[in-house]
Amino acid sequence: KFQWLIFAICATCIWVSGAQGQAIVDVKSTPVVSGSMSNEGDWIEQQAHTSLFRFRVKAISTDGDHFAVSAIEISNSRGKPVQLISNVGGQPVTAKADRLLQVIDVNFDGHDDIAVLAADGGAGPNSTSYFYLFESRQKKFKLEKKLSSLPQVSINPDHGGFKSEVQHPGFQ
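What you are looking at is a predicted structure, and each value in this text was computed from that prediction instead of being measured.

**Q** Any chance you could explain the pairing of strand 6 (residues 81-86) here in plain terms?
**A** One face of the sheet, then the other: side chains in a regular strand alternate in exactly this way. In this structure, strand 5 (residues 66-76) lies alongside strand 6, joined through five bridges in antiparallel fashion. Paired with Ser75 across the bridge in strand 6 is Pro81. As consecutive antiparallel partners, strand 5 and strand 6 are separated by four residues, and within that stretch Gly79 has a phi angle of approximately 95°, a positive value.

Structure, rendered in structure tokens:
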């Protein structure tokens, strides 16, 4: 089981690092972005891929510049679908249609995980992503709810940690 350890807190950010052991971060167990989009939309091949997997997202475009992800299709390297994640529930984000999904080793276990843009904060910088960790035993990606509930997550693979920030009026 993947858990987190806080190593510094300031007025506008929480610094955390991945760790095995007892989790001491107590965040909401549901993603910040709530609700789900309808299953209408187009399947869009993503530029991000791994040696084992290719990804398509089902996205709804509100105007050609904003896309809301409603599902993720994961195929093996031969193109055979192996997993469908439905009801993703992202809100419209400003991004290129083929770059809504990112591949990154979120929990530093040597397996590629995925992050999907969930909300871009509107006029502000408080973006969120949904993080899906690769479960090697099941060979499936599973939503990591605690990490997905944090805003503006930056993964730092060189130092084995990540940073979450939030901009709040009144704090500089």
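**Q** Which parts of the structure should I look at to understand the sheet that holds strand 8 (residues 101-104)?
**A** In any sheet, the strands associate via hydrogen bonds between backbone groups, in a parallel or an antiparallel arrangement. Pairing is antiparallel in the open sheet, where four strands are placed in the order 8-9-10-11. This sheet does not close on itself; its edge strands, each paired only once, are strand 8 and strand 11 (140-143). Between one strand axis and the next, the sheet turns through 30° on average, direction left out of account. The sheet contact formed by strand 8 and strand 9 (residues 113-119) spans four bridges and is antiparallel. By the bridge assignment, Leu101 is partnered in strand 9 with Val116.

**Q** For this particular structure, what's the right way to read the nonpolar core?
**A** Nonpolar side chains in soluble globular proteins tend to be buried together. With 22 residues, the main nonpolar core has Val57, Ile72, Ile74, Leu101, Ile114, Tyr132 and Phe141 as its most contacted residues. Only strand 3 (42-49), strand 4 (53-61), strand 5, strand 9 and strand 10 (128-135) provide two or more residues apiece to this core. Non-local contacts of Phe141, meaning those with residues more than four positions away in its chain, are made with Phe53, Phe55, Ile74, Gln83, Ile85, Asp112, Asp113, Ile114, Tyr132, Leu133 and Phe134. Within the second largest apolar cluster, 10 residues are counted, among which are Val106, Ala115, Leu133 and Phe162.

**Q** I tried to follow the pairing of strand 9 on my own but got confused; where do I start?
**A** Counted residue by residue, strand 9 has six buried out of seven residues, so it is predominantly covered. By the bridge criterion, five bridges tie strand 9 to strand 10 in an arrangement that is antiparallel. Looking at strand 10, one finds that Leu117 is bridged to Ser129.

**Q** Can you walk me through the layout of surface pockets in this structure?
**A** A probe as big as a water molecule, rolled over the atoms, marks out the empty space that is left. When its volume is computed, the second largest pocket comes out at roughly 240 Å³. Of all the secondary-structure elements, those providing two or more residues to the lining of the second largest pocket are strand 8, strand 9, strand 10 and strand 12 (153-156). The class makeup of the residues in the lining of the second largest pocket is nine nonpolar, six polar and two charged.

**Q** I tried to follow the packing of aromatic side chains on my own but got confused; where do I start?
**A** Going through the model one piece at a time under the given rule, you end up with four aromatic pairs. Seen from their ring centres, Phe55 and Phe141 are 5.9 Å apart, and the 75° between their planes marks the pair as edge-to-face. Pair noted here: Phe55 is in strand 4 and Phe141 is in strand 11, with a separation of 86 residues, a long-range link. With a relative accessible area of 0%, Phe55 lands in the buried category. An aromatic cluster is built from Phe53, Phe55, Phe134 and Phe141, whose rings are joined through pairwise contacts.

**Q** Help me understand the environment of Phe134, please; the structure alone is not making it clear to me.
**A** Secondary-structure assignment places Phe134 in strand 10. Residues Phe134 and Glu144, spaced 10 residues apart in sequence, show a C-alpha to C-alpha distance of 9.9 Å. Once residues lying within four places of it in the same chain are set aside, the contact partners of Phe134 are Phe53, Asp109, His111, Asp112, Asp113, Lys139, Lys140 and Phe141.

Rules used throughout
Position numbers for residues count from 1 along each chain, tracking the sequence in the order it is written. With the structure being a predicted model, the display of local features is reserved for residues of pLDDT at least 70 and the display and counting of side-chain atom pairs for 80 or more, all residues being used for whole-chain, interface and lining totals. Hydrogens and water molecules were not included; the side-chain quantities draw on all heavy atoms of the structure. At least two DSSP bridges between two strands are needed for those strands to be called paired. Each helix is a run of DSSP H or I of at least 4 residues and each strand a run of E of at least 2, with the numbering of both proceeding from the N terminus. For helices, the fitted axis covers only the stretch in contact; all axes are lines through C-alpha atoms, and the angles between them, taken along N-to-C directions, range from 0 to 180 degrees. Nonpolar cores are built from buried Ala, Val, Leu, Ile, Met, Phe, Trp, Tyr and Cys residues. Side-chain atoms within 4.5 Å join them into one set. Per-residue accessibility, obtained with a 1.4 Å probe over protein chains only, is compared with the maximum for each type, and a residue is labelled buried under 20%, exposed over 50%, and partly exposed between these values. Any two residues whose heavy atoms approach within 4.5 Å are treated as being in contact. Here a cavity means grid points, on a 1 Å grid over the protein atoms only, where a 1.4 Å probe fits yet cannot get out; a pocket means an open set of points with protein on both sides within 12 Å along at least five of seven lines; lining residues are those with an atom within 4 Å of a point. Grid points are joined across faces, edges and corners, and a volume is the space filled by probe spheres set on the points. For this classification, Asp, Glu, Lys and Arg are treated as charged, while Ala, Val, Leu, Ile, Met, Phe, Trp, Tyr, Cys and Pro are nonpolar and the rest, including Gly, are polar. What counts as a ring pair is set by centres within 6.5 Å for rings of Phe, Tyr and Trp (its six-membered ring), and what kind of pair is set by the plane angle: stacked under 30 degrees, edge-to-face over 60, tilted for all other angles.

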